[in-house]
Amino acid sequence: MVGIDGASWTQIDHFIKIGKMPNLEKIIQNGVRATLNSHFPFTSNSSWLSILTGTNSGKHGVPELGTKFSNELPILWEFLSKNSKKAIIVNDLSTYPPLNLDGIMISGGGSTPSNSKKFVYPDEINNEINSICENYIPTIPEEYHKFMKELNFEGAFAVMEKYDKDVANIFFHLTKNHQWELACFMLENPDVLHHNFWDKEKFLMKFYSWFDQIIGQIKKMIDDSGADLIIISDHGGGGVDKHFLPNTWLQHMGLVKFSQHDIVTKSLTKTKCTRDKLRSDLEKLHLRSIFSKITPKILKEKIPLHEDEVNFIDENKDKAFSKTYGTISINENDPIKRKELIDKIISGLLSLKDENKQIVLEAHKREEIFNGPFVERSSEIQFLLNEGYRWSPYLRDTSYLIPNNEYGDEVRVGDHRPEGILVAYGSNMKKGERLTKKIMLWDICPTIMHMFEVPIPSYMDGKPLKEIFHSESTYQSKNLEIVEQKIEDVIKSSNYSYTDEQEKEIEKNLRNLGYI
């Protein structure tokens, strides 16, 4: 199983067409191709957990990025391990710390702190990692964001390229030297590249050409062993032309009146002193660490996020606000006023037009699209922007819709789209099949459980994709094994909590990527 975060048929089809991905082209010609549909809020952590738990976020409990919530359900690797199926998992992008499996697990990505010493199970595998990778960091290195702020695209790409190559080298080393029945690795780079390099074909071509070589090696493993291969992404990607600022829109509509900054922040805004600019200037002088320690929190909060910022959000006071990707939170206790406000915001979002083009494709109350014991962890309103538009948390005095060239950020050129990828290839898969059936993230977990003859709990939202197997495959003919199981009986509580330093690092990475 190969997970490729944010991979899109838009880019893959383009590079196949111009001859840069011959190995993947052969796999598709001799396998199954489909769109794997993501789900609200279309962010990586929540989506990967939907893939691995077979459920929507109202059940697994992680509706947004960050460390606020943890997964509440068993994931695919645990089901396999409990049924004595050995697995090797490299760079799991949604699970930290790694689980005590029958096999090997390496955590990575946005949920894993860069300074972690606990991202590998069992511990002794660290020695093998260190023997084949120099200075392995299990997440996006801070250096990447530094290069992006300097618009050093070559430097930034090289940092992510090393991360990818390290993950692939570890995967091939471990699968060669250890027993396994399921092997998986995930790459975070495509999602990051799509955010920052969507309009830079040279870099995208370099990545996808390299990825195709890796797929070529995996294809040989599959052909030699008679195994099966599934390639998936958690969501797709698309280009950005304009930035939609829901907080500015809420204020323009008169639905919310955010508080005015005091004279200190207003003065800093006039001098174009923002948090990012101040951090950058202090880093150049090697003074950031010192100033961070000695500056009171109340003073830090007075530094504006953006040079046009004139207002700020007070989560304890403001009736509606948008602080996480593609969502609006409601802070109104009166049930009648609360319903009226939600209905008014949803109606307003769906009526937004930009030169006759709809800005918001979908807007829903959380209870309409999620189900399970943790629905209320989600923000009250979930929305999906049309392609070409990107969510931004900023408050501006000018407009709630800002073109790229006026936004003041030269690196936000791509964003998430709901349409991910699914490719299936191997001795049990159909050949040359293009599925048009709507397939969801949560169908992947029960499909793989079915392949391993592991009973599927009834609380899962997903169903095994028997359509991918050819008629003579045993996976096609054997009956599904569904076991009645209440979700309340399997909810688990995490014993792990991040340190304050780790939480700040993860939040900083999310901010740098534009998710909060």
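Refer to the structure presented above.
Scoring rules and cut-offs
Residues numbered from 1 in each chain as written. Predicted model: local features only at pLDDT ≥ 70, side-chain atom pairs only at ≥ 80, totals over all residues. Heavy atoms only, no water. Helix = DSSP H or I, 4+ residues; strand = E, 2+ residues; numbered from the N terminus. Buried < 20%, exposed > 50% of the residue type's maximum accessible area, 1.4 Å probe, protein only. Contact = heavy atoms within 4.5 Å. Areas by Shrake-Rupley, 256 points an atom, 1.4 Å probe, with all protein chains shown as cover. Core = buried A, V, L, I, M, F, W, Y, C linked by side-chain atoms within 4.5 Å. Polar contact = N/O pair within 3.5 Å; in protein donor to acceptor, adjacent residues only side chain to side chain. Axes fitted to C-alpha atoms, helices over the stretch in contact; angles between N-to-C directions. Parallel < 35°, antiparallel > 145°, perpendicular 65-115°, else oblique. Left-handed = near helix turned anticlockwise from the far one by under 90°. Nonpolar A, V, L, I, M, F, W, Y, C, P; charged D, E, K, R; others polar. Pairing = 2+ DSSP bridges. Salt bridge = Lys/Arg side-chain N within 4 Å of Asp/Glu carboxyl O.

Explain the overall build of the chain to me, please; I cannot follow it from the model alone.
Across its full length, the chain carries 21 helices and 24 strands. When the 516 residues of the chain are sorted by exposure, 58% land in the buried category. In the chain, the proportion of contacts linking residues at least 24 apart, taken out of those at least 6 apart, comes to 73%. Accessible area for the chain stands at about 22,900 Å²; split by element, carbon and sulfur atoms hold 48% of it.

Explain the nonpolar core to me, please; I cannot follow it from the model alone.
Most often, soluble globular proteins keep nonpolar side chains buried together rather than apart. In terms of nonpolar packing, the biggest core is built from 108 residues, with Trp77, Phe197 and Ile218 touching the most fellow members. Here this core gets twelve residues from one element, more than from any other, and that element is helix H8 (residues 153–177). Contact partners of Phe197, with chain neighbours within four places excluded, come to Tyr144, Met148, Phe153, Ala156, Phe157, Phe203, Leu204 and Val413.

What's the story with the side chain of Asp354 in this structure? I'm lost.
Of note, Asp354 is situated in strand E13 (residues 353–354). A distance of 2.9 Å separates polar atoms of two side chains, one belonging to Asp354 and the other to Lys242. Setting aside its immediate chain neighbours within four residues, Asp354 contacts Lys242, Ile359, Tyr389 and Leu401.

What's the story with unusual backbone geometry in this structure? I'm lost.
Glycine aside, residues mostly have negative phi, and peptide bonds are mostly found in the trans state. Residue Pro41 is reached from Phe40 by a cis peptide bond, and omega for that bond is 5°. Put simply, Tyr121 and Pro122 share a cis peptide bond, and its omega is -10°. Mapping Pro122 onto the fold places it in the loop between strand E5 (120–121) and helix H6 (125–132). A positive phi angle is found at Ser84, which is not glycine, with a value near 60°. Mapped onto the fold, Ser84 is located in the loop between helix H5 (76–82) and strand E3 (87–92). The backbone of Leu151 shows a phi angle near 60°, a positive value even though the residue is not glycine. Relative to the assigned elements, Leu151 resides in the loop between helix H7 (142–149) and H8.

Looking at this model, I keep getting lost on the packing of H8 against helix H9 (residues 189–197). Mind explaining?
In the contact formed by H8 and H9, the axes pass within 10 Å of each other and the chain directions differ by 170°. Between H8 and H9, the angle is such that the two are roughly antiparallel. Crossing hand, H8 versus H9: left-handed. Only Asn189, Val192, Leu193, Asn196 and Phe197 of H9 make contact with H8, whose side of the interface consists of Phe153, Ala156, Phe157, Met160, Glu161 and Asp164. Class assignment of the residues belonging to the contact of H8 with H9 gives a composition of seven nonpolar, two polar and two charged.

Sorry if this is basic, but what is going on with the packing of H9 against helix H10 (residues 201–225) here?
Two packed helices can be described by the angle between their axes and the distance between those axes. Running from amino to carboxyl end, H9 crosses H10 at an angle of 170°, the nearest separation of the two axes being 10 Å. One way to sum up the angle between H9 and H10 is to call them roughly antiparallel. Note on packing geometry: the crossing formed by H9 with H10 is left-handed. Counted together, Asn189, Pro190, Leu193, His194 and Phe197 of H9 and Phe203, Leu204, Phe207 and Tyr208 of H10 form the full contact between these two elements. The residue inventory of the contact of H9 with H10, partitioned by class, reads seven nonpolar, two polar and no charged.

Help me understand helix H19 (residues 444–451) in this model?
Since the α-helix packs 3.6 residues into each turn, any two residues three or four apart lie on the same face. For H19, a buried count of eight out of eight residues is recorded, marking the element as mostly surrounded by other parts of the structure. Where H19 is concerned, the buried positions are Ile444, Cys445, Pro446, Thr447, Ile448, Met449, His450 and Met451. Following H19 by one or two positions, Glu453 adopts a phi angle in the positive range, close to 60°.

When you look at the sheet that holds strand E16 (residues 381–385) in this model, what are you seeing that I'm missing?
Consider a sheet: its strands pair through backbone hydrogen bonds, and that pairing is either parallel or antiparallel. Judged by pairing direction, the sheet is antiparallel, and its four strands sit side by side in the order E11-E12-E16-E15 without closing on themselves. Looking at the sheet topology across the chains shown, the edges are occupied by strand E11 (320–321) and strand E15 (360–365). Where E11 meets strand E12 (residues 327–330), two bridges bridge the pair, whose relative direction is antiparallel. By the bridge assignment for E12, Phe321 is matched with Ser329. Lying over the sheet, helix H16 (residues 335–350) contacts E11, E12, E15 and E16, oriented at roughly 165° with respect to E15.

Mind showing me how you'd approach helix H3 (residues 44–53) here?
Across the ten residues that make up H3, a large majority, ten, are buried. By the burial criterion, the buried members of H3 are Ser44, Asn45, Ser46, Ser47, Trp48, Leu49, Ser50, Ile51, Leu52 and Thr53. Immediately downstream of H3, the backbone of Gly54 shows phi near 75°, a positive value.

How should the pairing of E3 be read in this particular structure?
Among the six residues in E3, six count as buried, and that is most of the element. Direction of pairing for E3 relative to strand E4 (residues 103–107): parallel, over a ladder of five bridges. Residue pairing in the sheet places Ala87 in a bridge with Gly103 of E4. Bridging between E3 and strand E6 (residues 182–187) involves four bridges; their strand directions are parallel.

Sorry, what's going on with the environment of Tyr459 here?
Following the sequence through the fold, Tyr459 ends up in the loop between strand E23 (456–457) and helix H20 (474–477). Sequence separation of Tyr459 and Glu484 is 25 residues, and the distance between their C-alpha atoms is 7.7 Å. Contacts of Tyr459, omitting those with residues within four sequence positions, involve Thr55, Lys59, Leu73, Pro74, Phe79, Gln485, Ile487 and Val490.

What am I meant to see in the pattern of salt bridges here?
Between side chains of opposite charge, a pair can form as their charged atoms come close. In the structure shown here, the tally under the stated rule is 21 salt bridges. The residue Glu380 makes a salt bridge to Arg338 at a minimum N-O spacing of 2.9 Å. Taken together, the positions of Glu380 in the loop between helix H17 (366–369) and E16 and Arg338 in helix H16 put the pair 42 residues apart, joining distant regions of the chain. A relative accessible area of 10% places Glu380 in the buried class. Judged by relative accessible area, which is 23%, Arg338 ranks as partly exposed. Residue Lys365 pairs with Asp343 through a salt bridge whose shortest N-O separation is 3.1 Å. One end of the pair, Lys365, is in strand E15; the other, Asp343, is in helix H16, with 22 residues separating them in the sequence. Each of Glu161, Lys165 and Lys206 takes part in one network of salt bridges that share partners.

As far as function goes, none of this settles anything; it's purely spatial.
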